[in-house]
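Chain and residue survey
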Amino acid sequence: SQKIEQNSEALNIQEGKTATLTCNYTNYSPAYLQWYRQDPGRGPVFLLLIRENEKEKRKERLKVTFDTTLKQSLFHITASQPADSATYLCALDGTGGYNKLIFGAGTRLAVHP
Amino acid sequence: DVKVTQSSRYLVKRTGEKVFLECVQDMDHENMFWYRQDPGLGLRLIYFSYDVKMKEKGDIPEGYSVSREKKERFSLILESASTNQTSMYLCASSRTYEQFFGPGTRLTVL
């Protein structure tokens, strides 16, 4: 079955540095991959979508890469700020259509001043 | 601004009770989803609906049912609540790829 793995350990970095989060998947070839941000006690919020034929996507300080050979996506936040502290979830399109998604468990990012 | 609302932020119920969780979206989206989120397990899809009165089972439908009588409203029903259904429940809607989530309902079953 499809499996998505995100680093379960929290990532702690200093303000101003680049945060890099990893999403690995197996047993599947997704047409696209999404990243969401989730703050404590709130629902996830969509950040970026990258398609299988795109290697890289950028949005302001965010950059996502998608390597279908390695079955991996990397999510980068440059010039990180304490306000970037949150849990970041990656999601793949599920089988069966209807825009279903399969989510990873998320990685918590803590940016320290 | 797009919005998905859920009827309760926190809910405490007793084992065996019938529980209704309501979700309303104002974006005229065709697709609506119910997930539960547990630590270390991520979001798991319970049920989804792609049109009024249409529903499909997700990955963990056992112990749950759903109802979609109007396009904007998608209800999750726990027929007989059990302690292992204590969780955060999240509703989402979508038209294309991006899913819009509600704030979640933290349900505790005692």
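Throughout what follows, the structure given in this document is the object of discussion.

The rules behind each value
Along each chain, residues carry numbers from 1 onward, in the same order as the chain's sequence is written. Naming scheme: in the order in which they are written, chains are lettered from A and ligands are numbered from 1. Side-chain atom pairs in this predicted model are given and counted only at pLDDT of 80 or more, local residue features only at pLDDT of at least 70, and totals for whole chains, interfaces and linings cover all residues. Side-chain numbers come from the whole structure's heavy atoms, not from hydrogens or water. Per the convention used, a helix needs a DSSP run of H or I reaching at least four residues, while a strand needs a run of E reaching at least two, with both numbered from the N terminus. Here, two residues are considered to be in contact whenever any of their heavy atoms come within 4.5 Å of each other. Counted as positive: Lys and Arg. Counted as negative: Asp and Glu. His and the chain ends are not counted at all. In this description, the location of a charge corresponds to atom NZ of lysine, CZ of arginine, CG of aspartate or CD of glutamate. Definition of nonpolar core: a set of buried residues of the types Ala, Val, Leu, Ile, Met, Phe, Trp, Tyr and Cys, connected through side-chain atoms within 4.5 Å. A simple rule labels every residue: compare its accessible area, found with a 1.4 Å probe on the protein chains alone, to the largest value its type can have, and call it buried under 20%, exposed over 50%, or partly exposed in between. For two strands to count as paired, DSSP must find a minimum of two bridges between them. Here, axes are lines fitted to C-alpha atoms. For helices the fit covers the stretch in contact, and angles between N-to-C directions go from 0 to 180 degrees. Buried area is calculated as the accessible area (1.4 Å probe) missing from two parts once they are joined, with the contributions of both summed. A carboxyl oxygen of Asp or Glu within 4 Å of a side-chain nitrogen of Lys or Arg is what we treat as a salt bridge.

Across its full length, chain B carries 0 helices and 11 strands. Projecting the C-alpha coordinates of chain B onto the three principal axes gives extents of approximately 35 × 25 × 25 Å. Restricting to contacts in chain B with at least 6 residues of sequence separation, those with at least 24 account for 55%. Counting 16 positive and 15 negative side-chain charges, chain B places the centres of these two groups 5 Å from one another.

Let us now look at the nonpolar core. One recurring pattern in soluble globular proteins: nonpolar side chains tend to sit buried together. Grouped together as the largest cluster of nonpolar side chains are 23 residues, with contacts concentrated most on Leu 33, Trp 35, Phe 75, Ile 77, Tyr 88 and Leu 109 of chain A. Of all the secondary-structure elements, those providing two or more residues to this core are β3 (19-26), β4 (32-38), β5 (45-51), β7 (62-67), β8 (72-77), β9 (86-93) and β11 (107-112) of chain A. Setting aside its immediate chain neighbours within four residues, Leu 33 of chain A contacts Cys 23, Leu 48, Leu 49, Ile 50, Phe 66, Ser 73, Cys 90, Ala 91 and Leu 92 of chain A. In terms of nonpolar packing, the next biggest core, distinct from the first, is built from 21 residues, Leu 21, Ile 46, Leu 76 and Cys 91 of chain B among them.

A separate point is the sheet that holds strand β7 (residues 64-70) of chain B. Residues and elements named next belong to chain B. If you walk across this open sheet you meet the 4 strands as β1-β3-β8-β7, and the pairing is antiparallel. Two strands close off the open sheet at either side, each with one partner strand: β1 (4-6) and β7. Across the sheet, the mean angle separating the axes of adjacent strands is 20° when strand polarity is ignored. Pairing analysis gives 5 bridges linking β7 to strand β8 (residues 73-78), with the strands arranged antiparallel. Considered in β8, the bridge of Ser 65 is made with Ile 77.

A word on the interface of chain B and chain A. Every contact between the two is made by 22 residues of chain B and, on the other side, 19 residues of chain A. When chain B packs against chain A, close to 1600 Å² is buried across both sides, 59% of that on carbon and sulfur atoms. By the criterion of area lost to chain A, the three top residues of chain B are Leu 43, Tyr 97 and Phe 101 of chain B, representing 33% of everything that side buries. Applying the counting rule to chain B against chain A returns 0 salt bridges.

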